[in-house]
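Remarks on the overall topology
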Amino acid sequence: MREEQKAMMKDVVEERKLLRADVEKLEAEKESMKGVHTFQTGRVKLDVGGHKFTTSITTLASQPDSMLAAMFSGRHKLVTDEKGAYFIDRDGTHFRFILNFLRDSQLGEGTLPEDRFQLQEILRESEYYQLTKLTEHIRLKLMPIVTQADIDELKYEFVNPRRRHHEVGNISINIQYACMDGKNLSNVDFSGVRFRNRFSFKGSCLRGANFSYCKFRSKVYFNDADLTDANFDDCEGMLPEFGFVDFTGAKLEGAKFNGSE
């Protein structure tokens, strides 16, 4: 009986030790989390290529998929200089535009310079910091704009000699090979156009463009184009077996293809 009691007492002592160890571990984790919270909400001094900035971790982490968010997530040990600043070895000339975007994510009129050279420099920094939204916005600003009038000048009326009346899709692009790569053609109306010759929109912005009732009769390249909310309703020659339309790498969120074949 005494042996059984001794064994029970021994088990109780061991359980208390384990419980105490668990409590101590929990307290240590709580203290660690306090430190992380302080780090994440506190002010931060940055030295970007010799340019000094003061901001907050909340601002730096506002774009979750960015390099800065990862850098200041608290998961990595960072070293400060003698003045308590974190050094980033980049050109800090335009870093204020990076910070302003991180602070409120605004990309309206006047938030970026109009000078193309400056925009190209800011674009390089935005790409480095992996700020997808800002990068896409700057690339769009740098794209040459193609207006509706520019497109209308390329059109001519194709009259089918077998029919005397006009029909939807009788407007063609009057050029042997049109290259609109890397252009801003947002909201341009191509409706009813018959693409009789090769045409390329590679890497272009065609957000909201209207291709309804188009007839694709030759190769048209939309590779890596932004076709968000574009309209391809009731088009002909769209099916893969025809091989006329190439959407490889294109953004097609919200694009319409009702009745196309």
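Everything numeric here is computed off the predicted structure, so don't read it as measured data.

Below, the discussion takes up the environment of R90. Summarising the element assignment, R90 is placed in the loop between β3 (85-88) and α4 (95-104). Residues R90 and E125, spaced 35 residues apart in sequence, show a C-alpha to C-alpha distance of 8.0 Å. Aside from chain neighbours lying at most four places away, what touches R90 is V48, G49, R124, E125, Y128 and Y129. A polar contact of 3.0 Å, which involves the side chain of R90, links it to the side chain of E125.

Another point: the pattern of salt bridges. A side chain with one charge can pair with a side chain of the opposite charge if their charged atoms come near. Per the stated rule, a full pass over the model turns up seven salt bridges. Note that K52 is salt-bridged to D47, the shortest N-O span being 3.8 Å. Across the pair E114 and K141 runs a salt bridge whose closest N-O atoms are separated by 3.4 Å. Of this pair, E114 sits in the loop between α4 and α5 (116-128) while K141 is found in helix α6 (residues 132-142), placing the two residues 27 residues apart along the sequence. For E114, a relative accessible area of 54% puts it in the exposed group.

Moving on, we come to the state of the cysteines. Tallied over the entire structure, the rule returns zero disulfides. C214 carries a free sulfur, and the closest cysteine sulfur to it, the one in C235, is 5.1 Å from it.

Moving on to the packing of aromatic side chains. Inspection of the entire model under this criterion finds 20 aromatic pairs. Through successive ring pairs, a cluster of aromatic residues spans F190, F195, F199, F201, F211, F216, F222, F232, F247 and F257. Directly above the aromatic system of Y128 lies the positively charged group of R90, at a separation of 3.9 Å from the ring centroid.

Examined bridge by bridge, strand β1 (residues 43-48) and strand β2 (residues 51-56) share six bridges and lie antiparallel to one another. Within the sheet, the bridge partner assigned to K45 lies in β2 and is T54. As consecutive antiparallel partners, β1 and β2 are separated by two residues, and within that stretch G49 has a phi angle of approximately 55 degrees, a positive value. Pairing of β1 with β3 involves four bridges; the strand directions are parallel. Among the inter-strand pairings, V48 is bridged to a residue of β3, identified as I88.

The rules behind these values
Residues numbered from 1 in each chain as written. Predicted model: local features only at pLDDT ≥ 70, side-chain atom pairs only at ≥ 80, totals over all residues. Heavy atoms only, no water. Helix = DSSP H or I, 4+ residues; strand = E, 2+ residues; numbered from the N terminus. Contact = heavy atoms within 4.5 Å. Polar contact = N/O pair within 3.5 Å; in protein donor to acceptor, adjacent residues only side chain to side chain. Salt bridge = Lys/Arg side-chain N within 4 Å of Asp/Glu carboxyl O. Buried < 20%, exposed > 50% of the residue type's maximum accessible area, 1.4 Å probe, protein only. Disulfide = S-S within 2.5 Å. Phe/Tyr/Trp six-rings, centres within 6.5 Å; stacked < 30°, edge-to-face > 60°. Lys NZ or Arg CZ within 6 Å of the ring centre and 35° of its normal. Pairing = 2+ DSSP bridges.

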